[in-house]
Amino acid sequence: MNKAKKMLLGTALAGTLVVSAGFGTYSWFTSETNAQGSMTNGVLAINDGADIDTPMFEGTKFAPSQLQYGEWLSLENTGDLDTHIKATYKHAVDKASLEGYEVGYMAMKYTVTPDKDVYEDSKIKLENLFKGTTNERSIATASNIEGVEILGNVLSQAEVKSGEIVFGEGSEDDFWQLDEGQYIDIMVGIKLDENAGNEYQGAIYDATFNVMAKQTDEGAKYENE
């Protein structure tokens, strides 16, 4: 093969290589999109699930006609879900009958803590509920204090004698619905009847207070229901 033919052949091959290389650089238009998500479950909690350290009440030398005020117990919705609460009070006396006792309570629901005067005034209202058979036995959920709902009641003798008193059923009463960030403070008062006889001397009265919470959704249940 002479030199001229070699040059032409080399040029043709070079052209072929160039075309092949150029074909490999072509591209198509494309587009892409993505989505992602995560979801955190809500938290339903009263007082962060911790027991209340404050004793309900403490007293000695309790005698007929006396009224013992309990301590204010605070229930806070520390979760991020609204909740219905059910508060159950159980009590017993070791050597006599529960017939000799009267039980009443005052409860306040709020978001911003009321002044101390409000708590003192509630004690007076509770005392008035205990006085006489002609007085009203309950205070409705109304208050002249902005942002505070008040509920007070003296329980019937039948409720007291049963040994178990349910203060709130939650779904049946708006007062016992505790929204996120809300509080209910509750105080129990115990009175020994004026006619309590000697069988009550030295008797020990014990009580426990249990609060359960459930979701506000229809069909929600308390634990173990």
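Before reading on, note that the structure itself is shown above.
Scope of this entry: the structure provided in the associated data block.

Calculation criteria
Residues numbered from 1 in each chain as written. Predicted model: local features only at pLDDT ≥ 70, side-chain atom pairs only at ≥ 80, totals over all residues. Heavy atoms only, no water. Helix = DSSP H or I, 4+ residues; strand = E, 2+ residues; numbered from the N terminus. Buried < 20%, exposed > 50% of the residue type's maximum accessible area, 1.4 Å probe, protein only. Contact = heavy atoms within 4.5 Å. Salt bridge = Lys/Arg side-chain N within 4 Å of Asp/Glu carboxyl O. Core = buried A, V, L, I, M, F, W, Y, C linked by side-chain atoms within 4.5 Å. Phe/Tyr/Trp six-rings, centres within 6.5 Å; stacked < 30°, edge-to-face > 60°. Pairing = 2+ DSSP bridges. 1 Å grid on protein atoms, 1.4 Å probe; cavity = no way out; pocket = protein on both sides within 12 Å on 5 of 7 lines; lining within 4 Å. Points joined across faces, edges and corners; volume = space filled by probe spheres on them.

Now for the overall build of the protein chain. In terms of regular secondary structure, the protein chain is built from three helices and ten strands. Counting from the amino terminus, the protein chain carries its helices and strands in the arrangement α-β-β-β-β-α-β-β-α-β-β-β-β. Looking at the protein chain as a whole, 31% of its 225 residues qualify as buried. A separation of at least 24 residues holds for 79% of the contacts in the protein chain among residues at least 6 apart in sequence.

One non-glycine residue, N47, lies in the positive phi region at around 55°. In this structure, N47 sits in the loop between α1 (3-23) and β1 (67-69). Positive phi, normally seen in glycine, also occurs at S65, with a value near 80°. Along the chain, S65 falls in the loop between α1 and β1.

Quick look at the pattern of salt bridges now. What the rule picks out here adds up to five salt bridges. We note a salt bridge from E164 to K90, for which the minimum N-O separation is 3.8 Å. Residue E164 is found in strand β7 (residues 164-166), and its partner K90 is found in strand β3 (residues 83-93); the two are separated by 74 residues along the sequence. Of the charged contacts in the structure, one is a salt bridge between K191 and E194, with a shortest N-O distance of 3.2 Å.

In globular proteins that are soluble, nonpolar side chains generally tend to be buried together. Core analysis: the biggest nonpolar cluster contains 31 residues, and Y89, V103, Y105, F167 and W176 have the highest contact counts within it. Residue assignment for this core shows that the elements contributing at least two residues are β2 (73-76), β3, β4 (101-110), β9 (183-192) and β10 (205-215). With five residues, β9 is the largest single contributor of residues to this core.

The description of an aromatic ring pair rests on the distance of the ring centres and on the angle between the ring planes. If you walk through the whole model with that rule in mind, you get nine aromatic pairs. One aromatic cluster is present, formed by F57, Y101, Y200 and Y205 through successive ring pairs.

Burial analysis of strand β6 (residues 148-154) places five of its seven residues in the buried class, the great majority of the element. Across seven bridges, β4 lies against β6 in antiparallel orientation. Bridging across to β6, Y110 finds its partner in V148.

Attention shifts here to the layout of surface pockets. To find leftover empty space, one rolls a probe the size of a water molecule over the atoms. In this structure, the largest pocket encloses a volume near 500 Å³. Along the wall of the largest pocket there are 21 residues; nearest its centre are I46, A50, N210, V211 and M212. Put simply, the parts of the chain that give the lining of the largest pocket at least two residues each are β2 and β10. For the lining of the largest pocket, the element with the highest residue contribution is β10, accounting for five residues.

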